[in-house]
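Structural characterization, general
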Amino acid sequence: MSTGQDGRTHSAGWVAEALREHEEQVSGGQVSGGQVSGGQVSGGQVSGGQAAGHVRRGSPQPLPGTVREELVLERIDRARRARPRVKEERITMSHGAGGKATQTLIEAIFLDAFRNPLLEPLEDSAQLLLGGSRIALTTDSYVVKPLFFPGGDIGDLAVNGTVNDLSMAGAQPLYLSSGFILEEGFPVADLSRIVASMRAAAQAAGVQIVTGDTKVVEKGKADGCYINTAGVGLIEHDLNLGVAQARPGDAIIVSGPIGDHGITIMLARGELDIEADVTSDTAPLCGMVASLLSGPTGVRALRDATRGGVATILNEIATAAGVGVLVSEDDIPVRAEVRGASELLGIDPMYVACEGRLVAVVDGAKADVALAALRAHPRGEQAAIIGQVTATPPGIVQLKTAFGGTRIVDLLVGDPLPRIC
Amino acid sequence: MRFVDEFRDAGKAHALAAKIADLCEPGRQYKLMEVCGGHTHTIYKHGLEDYLPEQITLVHGPGCPVCVIPMGRVDDAMALAAEPDVIMTSFGDMMRVPGSNGSFFDAKARGTDIRMVYSPLDSLKIARQNPDKRVVFMAIGFETTAPSTAMTVLRAAKEGLANFSVFCNHVTIIPAIKAILDSPDLRLDGFIGPGHVSTVIGCRPYEFIARDYGKPVVVAGFEPLDILQSIYMLMLQLSGGQSAVQNQYSRVVPWDGNVVALKAIGQTMELRPYFEWRGLGFISHSALKVREQYASFDAELLFKVPGVRVADPKACQCGEVLKGVLKPWECKVFGTACTPETPIGTCMVSPEGACAAYYNYGRLTRTRVSEASRS
């Protein structure tokens, strides 16, 4: 019965395909690397052109380690820049986890089909010009499990999440829509509770829910209650906010301790038998953003660190602006409870979702003013400068560990934590 | 945070690093293998290599449980999961390991009932809750996880649970280390011994490494200072021309191991004559199967397991990486065809795998890193 006794050997089709692509990339890369683009792209000390030249001459001497490593890094960069393609035949949970698979799905399927200049920046909100007014428009769906958790429920999450996406464009959130998908058998009392939280959250954020939709699906076809909200807001400043605006020397600020929401949800599922005194940080950020933008704070970009956590935002900054990002583990605020649970579960809080925290990229010279503005707001008291934007290496986020070493912080691949928002 | 920060003190690390550098003989290169994937993960996660002099190279060993599972075994598990009324349960790490027709995640997306569990006891819970289903636990890991599988089998037997079984892929660390030591294309100076495995098997099983092969072994803990101290202890031995087994992780690892755990393993499992390891090939007496006495919990007997063999893709050099002959980035497909999103080799799957750790955390040369820190 044991493996291998019948001596059958199978070859894996998808592996063959991946290898074929690899061959194309490598051979294509070598040609360009030897001529122009390799050196151009790497921009590093060891020029790709020179290194590729070594390879082509088929030098019998092994290349020095650093040169070979540079070659490999460049090869990886090429692969990372290749046109995204969804290789899976079916959607897996990874496609919803906010990491690499989500990004590939968005770029290869959605952006490819809908491509237009308003969508292309892939910011939290689209910015439109309507009758002379600048409008921010966004939408988000909420499928969190469990529906009720310490610090909030799917209702206030659905309002705050959309309010925050508008706020990140620097917009004053005004109106929301709400669409409900309800499972047959869902308790009306629970629905009333959810809707009451939505009303309270809308009031707190100063928005109105002005239109909606309801669908009911058969038992087993949904998990209780899903909510979609869309929102519009008015942009009254003339700043051009966006992660692509980041430039070397800028400071990176988070508005408070990270990872509270994600850890709360994991523990609330009760599957882990861990108890900790931690609650979701779900909250509207519009007030804090308004006070941040009202002064000379040099803000270049704002993002709320939801799915994929702060690490994902930092990678978006590095990629969109073609810059490096260097953050210091010692400076990143994490509650002891969140850190403890993360240690136990082998999770990095940098990847854990927040629902009421923003990451700001600000002009390095004005970082202290921006920090003071955030700290003046009750929800930003624990704001901290966590790092800076660097010129090199482009597209890469690095972390100075508390231990004193350095490592890369890449996008998350796959996510063991389903449905956190 | 107590019990964590003490083991990550940068000041102490600097002091240790200086002592380690002092012990390096001029002109000599040192290759030390950390056997365990948990160590690999710590080394990269904390950027520990930044503390080491250029003369010391860390070689990442075979001790990552999912990295050594051959593709055919994944296919077998998927065939088993596709049997009627089966619920397959597995650790999260295993979910992304590629077989020849995708991973557990892909199978799950196709409708196969595969669930992630944190402990084999969770599988038992699922079995109790689903009496009309047949629940299989995909057991993987070294002696670290084998005791929990053993305890679960014992519990299931005690409860008389008829719908629970184990697809046993447990492997043992010593034959793998021996295979590496016997491999002709290798030059290692010493071993950072696996900490968690040693909590179960103790330190004695490594004595042959020091005695017969003349290589020092230091069993190490998983915090960065643990590893740095172990490297220091290895360097002390090497500079004094010694080779002995030492226990750095004495706060957790008893010299004689955990007798209760070993007994539970012995009671429920026995050695297979041979087992295939990813990249290393067949190694005799290197894996465990369920004992005949507990045959009713052995999925290999209860179900038709195809026993598929899948040749490792030729371009994949997991074997060389596992043996420490190649650095991850020296593999031909590293970072292009084989990435954490689409891993071809198992070393790229688990965060403990040498390739994944290197890709995610460490793919910059030390020069580049320091340049960025200065800029």
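Residues numbered from 1 in each chain as written. Chains lettered and ligands numbered in written order. Predicted model: local features only at pLDDT ≥ 70, side-chain atom pairs only at ≥ 80, totals over all residues.

1. So, the environment of Thr282 of chain A
Residues and elements named next belong to chain A. Stated precisely, the cut-off is as follows: Each helix is a run of H or I in the DSSP string that is no shorter than four residues. Each strand is a run of E no shorter than two, and both are numbered from the N terminus. Note that contacts rest on C-beta atoms placed from the backbone: two residues are in contact if these are within 7 Å.
Looking at the element boundaries, Thr282 is found in the loop between helix H8 (260-268) and helix H9 (286-293). C-alpha of Thr282 to C-alpha of Ile263: the two residues are 19 residues apart in sequence and 13 Å apart in space. Apart from the residues within four sequence positions on either side, Thr282 is in contact with Gly151, Gly152, Asp156, Leu157, Asn160, His261, Glu355 and Gly356.

2. Side note on unusual backbone geometry
All names here are of chain A. Residue Pro146 follows Lys145 across a cis peptide bond; omega there is 5 degrees. Relative to the elements of secondary structure, Pro146 occurs in the loop between strand E3 (133-142) and strand E4 (148-149). Each neighbour pair has its own omega, and for Thr392 with Pro393 the value is -15 degrees, a cis peptide bond. With respect to the helices, strands and loops of the structure, Pro393 is situated in the loop between strand E13 (384-390) and strand E14 (397-400).

3. What about the sheet that holds strand E9 (residues 245-247) of chain B?
For sheets, the rule is that strands pair by backbone hydrogen bonds, running either parallel or antiparallel. Residues and elements named next belong to chain B. Applied cut-off: Pairing between strands is defined by DSSP: at least two bridges between them are needed. In this description, a line fitted to the C-alpha atoms serves as the axis of each element, helices being fitted only across the stretch in contact, and the angle between N-to-C directions of two axes falls anywhere from 0 to 180 degrees.
Strand order in the open sheet formed by five strands is E2-E1-E7-E8-E9, and the pairing between neighbours is parallel. Pairing within the sheet leaves two strands with one partner each, and these edge strands are strand E2 (56-63) and E9. Pairwise comparison of adjacent strand axes, ignoring direction, gives a mean angle of 20 degrees for this sheet.

4. A look at the sheet that holds strand E4 (residues 114-117) of chain B
Residue and element names in this part refer to chain B. Taken together, the four strands give an open sheet; going across it, the order is E4-E3-E5-E6, and neighbouring strands pair in parallel fashion. The sheet is open, and its two edges are formed by E4 and strand E6 (164-170), each paired on a single side. Put simply, the sheet's adjacent strands are angled 25 degrees from each other on average, direction ignored. Two elements, strand E3 (residues 86-91) and E4, share four bridges in a ladder whose sense is parallel. Looking across to E4, one finds that Thr89 is bridged to Arg115.

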